Amino acid sequence: MMSMQYSVCLDAVYNGIPDEKALEDVSRAGFQAVEFWGWSGRNLDLLETELRRHQLRLTCFCTEGGCLSDREAHSDYLEGLKRSIEVAHRLGCTRLITQTGLEQPSVSHEETLKVIAEGLWKTVPVLQDADIHLMVEPICRQDIAGYSLVTSRDAKWLLDEVDAPQIRLLYDIYHQQISEGNLLSNIQTLLPRIDHFHAAGIRNRGCLHDGEVNYPYLFREIARLGYEGAVGLEYFPGNGDKGFSSLPAL
């Protein structure tokens, strides 16, 4: 039996809707977990209260500040990470998402990956003290031109290079299908390092049933491989239909 659960991304599924109303709707729909992108523009008092009131778990959100692909920005990145950890502790969250930044001018891709690895190494003592996992996320260049971390191969290199239990992987099915395909084989290779999945329809980033990925099959196989975490719904529904009725049963 599948033990995964869905985590509803407020900034995607409920784009433009106030957090208080979104959390109430998520709870009414029967979900138990949510996530969001940035935290600095949010009413943290309201979030803390509403998460508790609706008994919703916050699975993850993004760090803010600095850039891992730019060595000169690492100190700013660490300060932003520390502030993000304070918010995570306040909201009962144990996982943070990090983007790695853009490729740097006049620097090779291989050197950029080494700079990212240096930055990640600097986070390890902070994460260890805070009991927080930091998840790197490969992203397709169709969505972010010039992004530094795109492929599963490069993600695996980073995780092997840093080799710390606090540094994990967010595998975004939408981004990886566009970037490289071969989803199940790559997931099987990376699964011991994956803390979280994101999912959306291909290619318009709509509901899961709207696109080329057979999500019911893929989710069954991921569960069969032993994954017991959450799948983040990071899609943009259309026509007012949140797409919940067509989600594969987990």
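Here, the structure is the one placed above.
Because the structure is predicted, anything quoted here is derived from the model rather than measured.

Turning next to the overall build of the protein. The number of helices and strands found in the protein is nine helices and eight strands. By the compact-globule yardstick of 18 Å for 250 residues, the protein fits well, its C-alpha radius of gyration being 17 Å. C-alpha atoms of the protein, sized along the principal axes, occupy 50 × 40 × 30 Å. Counting only residues that meet the buried cut, the protein has 54% of its 250 residues in that class.

Below, the discussion takes up the side chain of Asp-172. Relative to the elements of secondary structure, Asp-172 occurs in strand S6 (residues 167–172). A polar atom in the side chain of Asp-172 sits 3.0 Å from the backbone nitrogen of His-175. When residues no more than four places from it in sequence are discounted, the contact partners of Asp-172 are Glu-137, Pro-138, His-198 and Glu-234.

Positive phi outside glycine occurs at Asn-182, with the angle close to 50°. Within the secondary structure, Asn-182 is located in the loop between helix H7 (173–179) and helix H8 (183–190). We note that Arg-205 has phi near 60°; this positive angle belongs to a residue other than glycine. Counting through the fold element by element, Arg-205 comes out in the loop between strand S7 (194–199) and helix H9 (215–224).

What follows concerns helix H5 (residues 109–130). Between its first and last C-alpha, H5 extends 31 Å over 22 residues, near the 32 Å set by a 1.5 Å rise per residue. Along H5, the largest kink reaches about 35° and is centred on Val-124; proline Pro-125 follows within four residues of it. Those residues of H5 that fall on the buried side of the exposure criterion are Thr-112, Leu-113, Val-115, Ile-116, Ala-117, Gly-119, Leu-120, Thr-123, Val-124, Val-126, Leu-127 and Ala-130. Residues of H5 that are buried sit in contact with helix H4 (74–91), strand S5 (133–136), helix H6 (152–162) and S6. Backbone geometry just after H5 places Asp-131 at a positive phi near 60°.

Attention shifts here to the packing of aromatic side chains. On inspection of all chains with the given rule, the structure shows seven aromatic pairs. Ring geometry for Trp-37 and Phe-236: centres 6.3 Å apart, planes at 55°, overall tilted. Of this pair, Trp-37 sits in the loop between strand S2 (33–35) and helix H3 (44–53) while Phe-236 is found in the segment after strand S8 (230–233), placing the two residues 199 residues apart along the sequence. Given a relative accessible area of 34%, Phe-236 falls into the partly exposed group. Within the aromatic cluster, the residues linked to one another by ring pairs are Tyr-6, Tyr-215 and Phe-219. The aromatic ring of Phe-36 is capped on one face by Arg-42, whose charged end is 4.4 Å from the ring centroid.

This part is about the pattern of salt bridges. Should their charged atoms come close, side chains of opposite charge can pair. Inspection of the entire model under this criterion finds 19 salt bridges. Among the ionic pairs, Glu-48 bridges to Arg-90, the shortest N-O distance being 2.9 Å. Separated by 42 residues along the polypeptide, Glu-48 in helix H3 and Arg-90 in helix H4 bring together distant segments of the chain. Here the residues in one salt-bridge network are Asp-45, Glu-48, Arg-52 and Arg-90, joined through shared partners.

Another point: the environment of Asp-76. For Asp-76, the location among the structural elements is in helix H4. Judged by relative accessible area, Asp-76 falls into the partly exposed class, the value being 48%. Through-space distance from the C-alpha of Asp-76 to that of Pro-165 is 23 Å; in sequence the pair is 89 residues apart. Ignoring any residue separated from it by four or fewer positions in sequence, one finds Asp-76 in contact with Gly-65 and Gly-66.

For the rest of this paragraph, the subject is the sheet that holds S8. One closed barrel holds the eight strands; their spatial order is S1-S2-S3-S4-S5-S6-S7-S8, and the pairing between them is parallel. For this sheet, the mean angle separating the axes of adjacent strands, direction not counted, is 30°. Summarising the sheet, strand S4 (residues 95–98) and S5 pair through four bridges and their orientation is parallel. Residue pairing across strands places Thr-98 opposite Val-136, the latter belonging to S5.

Definitions and limits used
Residues numbered from 1 in each chain as written. Predicted model: local features only at pLDDT ≥ 70, side-chain atom pairs only at ≥ 80, totals over all residues. Heavy atoms only, no water. Helix = DSSP H or I, 4+ residues; strand = E, 2+ residues; numbered from the N terminus. Rg over C-alpha atoms; globule rule 2.2 N^0.38 Å. Buried < 20%, exposed > 50% of the residue type's maximum accessible area, 1.4 Å probe, protein only. Polar contact = N/O pair within 3.5 Å; in protein donor to acceptor, adjacent residues only side chain to side chain. Contact = heavy atoms within 4.5 Å. Expected span 1.5 Å × (residues − 1). Bend = angle between axes of the 7 residues up to and from the residue. Phe/Tyr/Trp six-rings, centres within 6.5 Å; stacked < 30°, edge-to-face > 60°. Lys NZ or Arg CZ within 6 Å of the ring centre and 35° of its normal. Salt bridge = Lys/Arg side-chain N within 4 Å of Asp/Glu carboxyl O. Pairing = 2+ DSSP bridges. Axes fitted to C-alpha atoms, helices over the stretch in contact; angles between N-to-C directions.

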